[in-house]
Amino acid sequence: MEIDTKGVTVVIVVCPLDDHALAVDVVSAAANQKPTEVVVVSSSENQEFARRIAQVDAMRVVRVEQQTPLGYARNMGAEASTTRFVAFLDSDAVPRRGWLEALCAQLGGNDVAAVGGPVLPVWPASRVPVLFRRSSSAQHFLSMFDLGRQTISVSCVLPGNMAIDRKVMESLPFDSAAGRRVGSLIGAEEIPMMIRVREAGYQVIYEPRAIVDHHTRSDRMNWVWMWRRVFAAGRESSRQSGVLEPLPRRDSITDVAFKAVVAVPYLLGKLVEIGSVRLSKGSQ
């Protein structure tokens, strides 16, 4: 049965370093799924990109500065939307046919705050380390997400493939000070929201039919980048005031191996953040 996707805004955040041709494909694929509107939050100054997305129906652009944190940019997209339900995509994640219908099928329940789905890898042509391909833990740091083929209630979903019910949000959904920006790998702008809505008794739903294909950049296919990202994740974990329940998946042998390889930078990130907070408090 076809589900009406009107009443939903799709927000796409475009960063200045993204593949602009790919971002056009994302905007077009989102518009083809017939939401009420597509809001593109963009810091890009690429004129060809601006010209091509201007041809998309029911689309408008919200401009942000290049150094705007991703959480703030997502909030600007939510504020600009005219609908109760807002879906979010990253500009390198192309939604498959039926993506928005699948999200809408779970929205609107009295206890559902957010819905998300699989973010599946599209690997670059360059060499990809074996553990990146085979470890779900590694892929999570690359903004990929796959919990299987069953609809389940979970502690969190990824903000690059997610829809929210603004009616149940008491404030702006994302942490405006968090999220990646140019020169930084610190993210986790969605975590405070996930903690908040779960503590309030709402559900976060994983919907396996709501699939997006995430195109991974070749400059991330090396251990130096991964160690930097895991270091940032250690800092993220020390900033959170609450803890999410573990996701329902078992570690494979490759997950264990990957975690062993990145354990040191993760712990260093936590220690650096703790030291930074203490130093800041001591100087006050």
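Just so it is clear, the structure is predicted and the values come from calculations on it, not from any experiment.

Colleague: Tell me what's going on with the packing of aromatic side chains, and back it up with residues and numbers.
Modeller: A full pass over the atoms with the stated rule returns six aromatic pairs. Centroid distance F88 to F174: 5.1 Å. Interplanar angle 85 degrees. Geometry classified as edge-to-face. On the criterion of sequence distance, the pair formed by F88 in strand 4 (residues 85-90) and F174 in the loop between strand 9 (161-165) and helix 7 (191-199) is long-range, its members being 86 residues apart. The buried category is assigned to F174, whose relative accessible area is 4%. For the pair F145 and Y206, a centre-to-centre distance of 5.9 Å together with 75 degrees between the ring planes defines the contact as edge-to-face. Here the residue F145 occupies a position in the loop between helix 6 (136-141) and strand 8 (152-154), and Y206 occupies one in strand 10 (residues 203-206), the gap between them amounting to 61 residues. Classification of Y206 by relative accessible area gives buried; the value is 0%. Grouping aromatic residues by their ring pairs yields a cluster made of F132, F141, W223, W227 and F258. Here the basic side chain of R74 rests over the ring of F174, its NZ or CZ set 5.9 Å away from the ring centre.

Colleague: I'd like to hear about the nonpolar core, residue by residue, with values.
Modeller: Formed by 67 residues in total, the largest nonpolar core has its most connected members in I12 and W99. In terms of residue count, the dominant contributor to this core is helix 1 (residues 20-31) (eight residues). In contact with I12, other than residues within four places in its own chain, are V26, V27, A30, V38, V39, V40, V41, L89, D90 and S91. Grouped together as the second largest cluster of nonpolar side chains are 18 residues, L142, I186, A233 and F258 included.

Rules used in this analysis
Residues numbered from 1 in each chain as written. Predicted model: local features only at pLDDT ≥ 70, side-chain atom pairs only at ≥ 80, totals over all residues. Heavy atoms only, no water. Phe/Tyr/Trp six-rings, centres within 6.5 Å; stacked < 30°, edge-to-face > 60°. Helix = DSSP H or I, 4+ residues; strand = E, 2+ residues; numbered from the N terminus. Buried < 20%, exposed > 50% of the residue type's maximum accessible area, 1.4 Å probe, protein only. Lys NZ or Arg CZ within 6 Å of the ring centre and 35° of its normal. Core = buried A, V, L, I, M, F, W, Y, C linked by side-chain atoms within 4.5 Å. Contact = heavy atoms within 4.5 Å.

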